[in-house]
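What follows is the residue order along each chain.
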Amino acid sequence: MYFFNQVLVLGKSSVSDLSEHVFDLIQELFAIDPHLLLSVMPQLEFKLKSNDGEERLAVVRLLAKLFGSKDSDLATQNRPLWQCFLGRFNDIHVPVRLESVKFASHCLMNHPDLAKDLTEYLKVRSHDPEEAIRHDVIVTIITAGKRDLSLVNDQLLGFVRERTLDKRWRVRKEAMMGLAQLYKKYCLHAEAGKDAAEKVSWIKDKLLHIYYQNSIDDKLLVEKIFAQYLVPHNLETEERMKCLYYLYASLDPNAVKALNEMWKCQNMLRSHVRELLDLHKQPTSEANSAAMFGKLMTIAKNLPDPGKAQDFVKKFNQVLGDDEKLRSQLELLISPTCSCKQADVCVREIARKLANPKQPTNPFLEMVKFLLERIAPVHIDSEAISALVKLMNKSIEGTADDEEEGVSPDTAIRAGLELLKVLSFTHPTSFHSAETYESLLQCLRMEDDKVAEAAIQIFRNTGHKIETDLPQIRSTLIPILHQKAKRGTPHQAKQAVHCIHAIFSNKEVQLAQIFEPLSRSLNADVPEQLITPLVSLGHISMLAPDQFASPMKSVVANFIVKDLLMNDRSTGEKNGKLWSPDEEVSPEVLAKVQAIKLLVRWLLGMKNNQSKSANSTLRLLSAMLVSEGDLTEQKRISKSDMSRLRLAAGSAIMKLAQEPCYHEIITPEQFQLCALVINDECYQVRQIFAQKLHKALVKLLLPLEYMAIFALCAKDPVKERRAHARQCLLKNISIRREYIKQNPMANEKLLSLLPEYVVPYMIHLLAHDPDFTKPQDVDQLRDVKECLWFMLEVLMTKNENNSHAFMKKMSENIKLTRDAQSPDEPKANEKLYTVCDVALCVINSKSALCNADSPKDPVLPTKFFTQPEKDFCNDRNYISEETRVLLLTGKPKPTGVLGTVNKPLSATGRRPYIRTTGSETGSSVNSELSASAGNRSREQSSDISETGVSENDENPVRIISVTPAKTEPVKNKEINSDQATQGNSTERGKKRTATASGTENIHQKTEEKNVDETGPSLAAKTRRGRPTKPEPQGTTAKNEETNKPPVRGRKRAAANQESPGSLEAGNAKAPKQQDTAKKPAAAQRQIDLQRSQVLGSDGDSLLEIDSSPEYSQNAMDLFKACGSSQEDTEDTEIAEGGFLKVKRKLARKGRK
């Protein structure tokens, strides 16, 4: 013991030759008898706290062996030493933390009882700033899990799950591969029974969700995992298809979408390679070389490290040009008839030809292998499709192992048919067999509507040779398709008509046999039986316009417009809701929606306006928007049905605009009416319209001016909707810029493609915004500035080709023209020039590069602006310097105490809504009520906070609260006395639970009853629209005027649509608490800042919120729909998401 005291405590190394081997000596003595070292262990605890990092590392290594050895009970015998050792997991020295993490693997395997102690420390280390430590945490957990799944608890597996979204590729890869290995061992091979399989059943969904990430490396790894671990490609065909069949049936909807997208991407890459090989067959020319270069760049983007991949793809293309045998092998690989076994042989043969024995590591060969693995049909061929169909037949007959695999027979049949439907797009040739089609005919006769619909779609995608090769199938299929087109569901009718058009040569005769009886039997008195015929007639007239356009005209004039759309036969339910679920919508309204779609399909089929039918249709759709969906204005239709019809009318105009001949005749006024739908009072209308707008823009189907509509989303009170609109803009702008780079011919169409050209359309749209009535009103100008910056912020993230100067030049040039919509109206032109000045003010303040010379002179759209006059000079400033400063700084003009106190309250129960931005911190109450009293109140029917009522209530009771200035105690008294009269509403607002945006309007009958019984007098019912704003210095006369119905226009969405958990109910009490809430608000801001820093650290994941229990489904939907292409934007928004979550949690707490 003297020796150990001298060496360990006093640090004397000259005591003995064994001094330098003291730790080895301790280990050997411990192996002989642990009791020999009872007095030495406290000395080791002392050494663990040494200031020397290397010394601590040596002790940690020793203790790791002592604690981790199989028969050791040191951790239970010496708890103080064990706790001290665990503290080294948080050591400041990186090698010490690394050694501690490595020890955890042996400890978990040899001492499962210590897993609870280790879990908390591994959790912290899974967020370690050091990449190597995070990596080793994953290795530790996966190694133990592969040994025995019972050694790792759900919490430890959760740490690995989080790391699949780590910022570092090495960590993400290790986590994904580790989970894949666990899934294959315990789910696929079922090595530990059903309980173990159930424990890791979530892995398949999680791994496929990663396909939504932007990184190509992530996508490629998911494809590799799918082919090797989820559905191993080396299994026999029947076993492989059984594995795929039950995997597809057990995936969650988002994982199914990801898997479908994976097959779609692989099929797209196959088509690119096929087109490249076709170019090789053509004679060499400059155009051919340019097309080949563009194709090579596209292929390189689908490979890891696109920069290096470009060089390798070019080299591979040269080899293809020189080696005809290699080309033939590649053609066989991507041919529709290639079997899985042939594909395997082709891949090996091509790799063998490109291999270089003298070069063991060949990055060129690795890149080609990546390409071949993505395009090779390793899972699906004709034999595989037959095996899938047999499995589905067994499920239909009830002889399959569905229950044993954990799915019901109905689920298996529906999922199996959906799987076949997806594969019919990517592998249509593999379906061509009588056996397969007989099984599909059997599905057509089933009662399940979804199953029959999917079967029809498979026939449509794959049945091109049925008529010639399989006459028996044809004769059975035709009457079934006729029956579905006449009396099936709307979706079945659509697919049946398209199927007939796609696979039969005598389609005109077939379609006529459907068209004639349906057009004669239309009866508006039985709307339930109208929907399917209207769908069929619309699609028939679109697919065969030459044959059916003329007879359809009389149907449209005499029945669709006069009898159906211009009449309200039933009275809608007056329940006050602005939206109802699909099953609650009246049949008459569903029929009217289909009638509007029929009009559009009929016009899209004709593709000309010779009969002026398009003008009449556009006037009808515009009238429907102006009348808020109640075309007859008899007030018999319910609010929720009106919302449906507004959405249908706006979507119809947008659909027609996708056809050039109709886009030309859409007037600016009609375009503006369509644009205002994105500010509709109903949340679902705004949401669905924005999704349709984005979908058409991202495919470059809509003209550029429609992208300007997204600028109006700055006025949306719901944070998620603004975030969605911003993501849509980022996606659209990046796609357009990429398209211009990839297509040299696009330079001729810059006016319709270049994103910067959206600026003049946006300026014109905002100048005609119904809210913008007074060019000198500061509040209205602030709204205009917010809308402009919403778009310009995204456009100005990069100064590509001196775009800042280009946008400035455009704004200046507009001031030299007149408004083509009303060129002789001074006020209209003044509003246009004012918006231009606000835009110039924003551009000048945000960019120092905008004063450079513009690269080219912008061209302004003549539809919206007149040609500049020769002698016309417009150097007037339309906004004052004071207003300019106010717009840029946001500081309000100071107002006298008396002027504020004596301002009358314009409407009981209403308060102005102050929108919070994504970057604001602090509690929602303080941030919303922080504007000083000098600010003019926003218009009362626009951004309002409705306390105690849902977003889409028809007659909400609203509570006013005006924020006092710091030096005005008198005002507080006035507001508080006013609030005292609103006690019932305030209390009711507190008790109300927060619901998700867009769903609260469905569950509110009880609340409405309470409002009627206990609330004060209801606010005057306003028309949908954004009426003219009242004067800021209100008078009693003004007050009386506000009770009159305002002019027709657009009602702004209710302010309590703000984030689902926002504390709107507490707003009535906020002014009294403002002073006392300042310090907590500051503390909250500090907490939120720390939260955002944590989320942004290296040790955290790209989407940390994903795994949190309070994670918003809306946010997930948003992320899937459209991911940002820029990492910095993504990180910022994630941090905001983290802050949002904290804020919501506080809001709920306050509400309790």
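Participant: Give me the overall build of the chain: which residues, what numbers.
Facilitator: Counting its regular elements, the chain contains 53 helices and 0 strands. Relative to its 1152 residues, the chain shows a buried fraction of 55%. Contacts in the chain between residues at least 24 apart in sequence constitute 76% of all its contacts with a sequence separation of at least 6.

Participant: Quick rundown of the pattern of salt bridges? Include the residues and the values.
Facilitator: By the definition in use, this model includes 37 salt bridges. Here Arg134 makes a salt bridge to Asp166, at a shortest N to O gap of 2.7 Å. Of this pair, Arg134 sits in helix H9 (residues 131-147) while Asp166 is found in the loop between helix H10 (154-163) and helix H11 (169-188), placing the two residues 32 residues apart along the sequence. The buried category is assigned to Arg134, whose relative accessible area is 0%.

Participant: Would you mind going over the confidence of the model for the chain in detail, with residue names and values included?
Facilitator: Mean pLDDT for the chain: 76, with 72% of residues reaching 70 or above. At the low end of the mean pLDDT range in the chain sits helix H45 (residues 897-901), at 34; at the high end sits helix H13 (residues 203-209), at 95. Below a pLDDT of 50 lies the segment residues 1054-1152, which in the model reaches 219 contacts outside its immediate sequence neighbourhood of four places, other chains included.

Participant: Summarise the side chain of Thr817; cite the residues concerned and give the values.
Facilitator: Counting through the fold element by element, Thr817 comes out in the loop between helix H42 (803-814) and helix H43 (826-846). Engagement of the side chain of Thr817 in a polar contact is seen with the backbone oxygen of Ile814, the distance being 2.8 Å. If sequence neighbours within four positions are ignored, Thr817 has contacts with Tyr833, Leu860, Phe865, Thr866, Pro868 and Phe872.

Participant: Any chance you could break down unusual backbone geometry for me, citing the residues and the numbers?
Facilitator: In this structure, Glu628 takes a positive phi of about 65° despite not being glycine. Mapped onto the secondary structure, Glu628 falls in the loop between helix H33 (613-626) and helix H34 (639-656). Unlike most non-glycine residues, Leu700 shows phi in positive territory, near 60°. For Leu700, the position within the fold is in the loop between helix H37 (683-698) and helix H38 (719-742). Given the relative accessible area of 28%, Leu700 is considered partly exposed.

Participant: Tell me what's going on with the packing of aromatic side chains, and back it up with residues and numbers.
Facilitator: Using the criterion set out here, one finds 15 aromatic pairs in the structure. Pairing Tyr245 with Tyr246 gives two aromatic rings, centres 5.1 Å apart and planes at 80°, and the pair type is edge-to-face. Here the two residues Tyr245 and Tyr246 agree in accessibility, since each one is buried. Relative to Phe548, the ring of Phe515 has its centre 4.7 Å away and its plane inclined at 35°; by these criteria the two rings are tilted. Residue Phe515 is located in helix H29 (residues 507-520), and its partner Phe548 is located in helix H31 (residues 545-565); the two are separated by 33 residues in the primary sequence. The exposure class assigned to Phe515 is buried, which follows from its relative accessible area of 4%.

Participant: Mind laying out the packing of helix H22 (residues 382-397) against helix H23 (residues 409-426), listing which residues take part and the relevant values?
Facilitator: Viewed as axis vectors pointing N to C, H22 and H23 meet at an angle of 155°, and their least axial separation amounts to 9 Å. As the angle between them shows, H22 and H23 are arranged roughly antiparallel. Handedness of the crossing formed by H22 with H23: left-handed. Of the residues in H23, those touching H22 at Ile385, Leu388, Val389, Met392, Ser395 and Ile396 are Pro409, Ala412, Ile413, Gly416, Leu417, Leu419, Leu420 and Leu423.

Participant: Before we move on, could you go through the environment of Gln672 and cite the residues and values that matter?
Facilitator: Turning to its location among the elements, Gln672 is positioned in helix H36 (residues 668-675). Owing to a relative accessible area of 9%, Gln672 belongs among the buried residues under this scheme. Considered as a pair, Gln672 and Ile709 are 37 residues apart in the sequence and their alpha carbons are 8.7 Å apart. In contact with Gln672, other than residues within four places in its own chain, are His764, Leu765, His768 and Gln821. A distance of 2.7 Å separates a polar atom in the side chain of Gln672 from a polar atom in the side chain of Gln821.

Participant: Break down helix H25 (residues 449-462) for me, with residues and values.
Facilitator: For H25, with 14 residues, the first-to-last C-alpha span of 20 Å sits near the 20 Å given by 1.5 Å per residue. Most of H25 sits inside the fold, with 11 of its 14 residues counted as buried. Its buried side turned inward, H25 meets H23, helix H24 (434-444), helix H26 (466-469), helix H27 (471-487) and helix H28 (490-503).

Participant: Provide a residue-level description of helix H8 (residues 115-125), including the pertinent values.
Facilitator: Along H8, the residues that are buried comprise Ala115, Leu118, Thr119, Leu122 and Arg125. The buried residues of H8 occupy an angular sector of 130° when projected down its axis, which confines them to one face. Where H8 is buried, its residues meet helix H6 (79-87), helix H7 (94-110), H9 and H10.

Participant: Outline the environment of His127, supporting the account with residue identities and numerical values.
Facilitator: Mapped onto the elements, His127 comes out in the loop between H8 and H9. On the basis of relative accessibility, which here comes to 28%, the residue His127 falls in the partly exposed class. Spatially, the C-alpha atoms of His127 and Glu162 are 9.5 Å apart, while their sequence positions differ by 35 residues. For His127, the side chain forms a polar contact with the side chain of Glu162, separated by 3.1 Å.

Participant: I'd love a proper account of a positive patch on the surface, names of residues and values included.
Facilitator: On the surface, Lys264, Lys494, Lys597, Lys655, Lys692, Lys695 and Lys699 cluster together into a positively charged patch. Here Lys655 lies in helix H34.

Participant: Hey, could you go over the side chain of Ser536 for me, with residue numbers and the actual values?
Facilitator: Mapped onto the elements of the fold, Ser536 is located in helix H30 (residues 531-543). Contacts of Ser536, omitting those with residues within four sequence positions, involve Ala485, Ala493, Val497 and Leu518.

Participant: Run through a negative patch on the surface, naming residues and quoting values.
Facilitator: A surface patch of negative charge is lined by Glu236, Glu238, Glu239, Glu383, Glu404 and Glu405. Relative to the elements of secondary structure, Glu404 occurs in the loop between H22 and H23. What makes Glu404 exposed here is its relative accessible area of 61%.

Participant: Lay out the packing of H7 against H8 with the relevant residues and their values.
Facilitator: Where H7 meets H8, the closest approach of the two axes is 11 Å, and the angle between their N-to-C directions is 145°. In this structure, the crossing between H7 and H8 has a hand that is left-handed. Contacts between H7 and H8 involve Arg97, Val101, Phe103, Ala104, Cys107 and Leu108 from the former and Ala115, Leu118, Leu122 and Arg125 from the latter. Residues of the contact of H7 with H8, tallied by class, amount to 8 nonpolar, no polar and 2 charged.

Thresholds, definitions, all that
- Residues numbered from 1 in each chain as written.
- Predicted model: local features only at pLDDT ≥ 70, side-chain atom pairs only at ≥ 80, totals over all residues.
- Heavy atoms only, no water.
- Helix = DSSP H or I, 4+ residues; strand = E, 2+ residues; numbered from the N terminus.
- Buried < 20%, exposed > 50% of the residue type's maximum accessible area, 1.4 Å probe, protein only.
- Contact = heavy atoms within 4.5 Å.
- Salt bridge = Lys/Arg side-chain N within 4 Å of Asp/Glu carboxyl O.
- pLDDT = per-residue confidence, 0-100.
- Polar contact = N/O pair within 3.5 Å; in protein donor to acceptor, adjacent residues only side chain to side chain.
- Phe/Tyr/Trp six-rings, centres within 6.5 Å; stacked < 30°, edge-to-face > 60°.
- Axes fitted to C-alpha atoms, helices over the stretch in contact; angles between N-to-C directions.
- Parallel < 35°, antiparallel > 145°, perpendicular 65-115°, else oblique.
- Left-handed = near helix turned anticlockwise from the far one by under 90°.
- Expected span 1.5 Å × (residues − 1).
- Arc of directions from axis to C-beta.
- Patch = residues over 30% accessible without salt bridge, like charges linked within 9 Å, V, L, I, M, F, W, Y side chains within 5 Å.
- Areas by Shrake-Rupley, 256 points an atom, 1.4 Å probe, with all protein chains shown as cover.
- Lys, Arg positive; Asp, Glu negative; His and termini not counted.
- Charge placed at Lys NZ, Arg CZ, Asp CG, Glu CD.
- Nonpolar A, V, L, I, M, F, W, Y, C, P; charged D, E, K, R; others polar.

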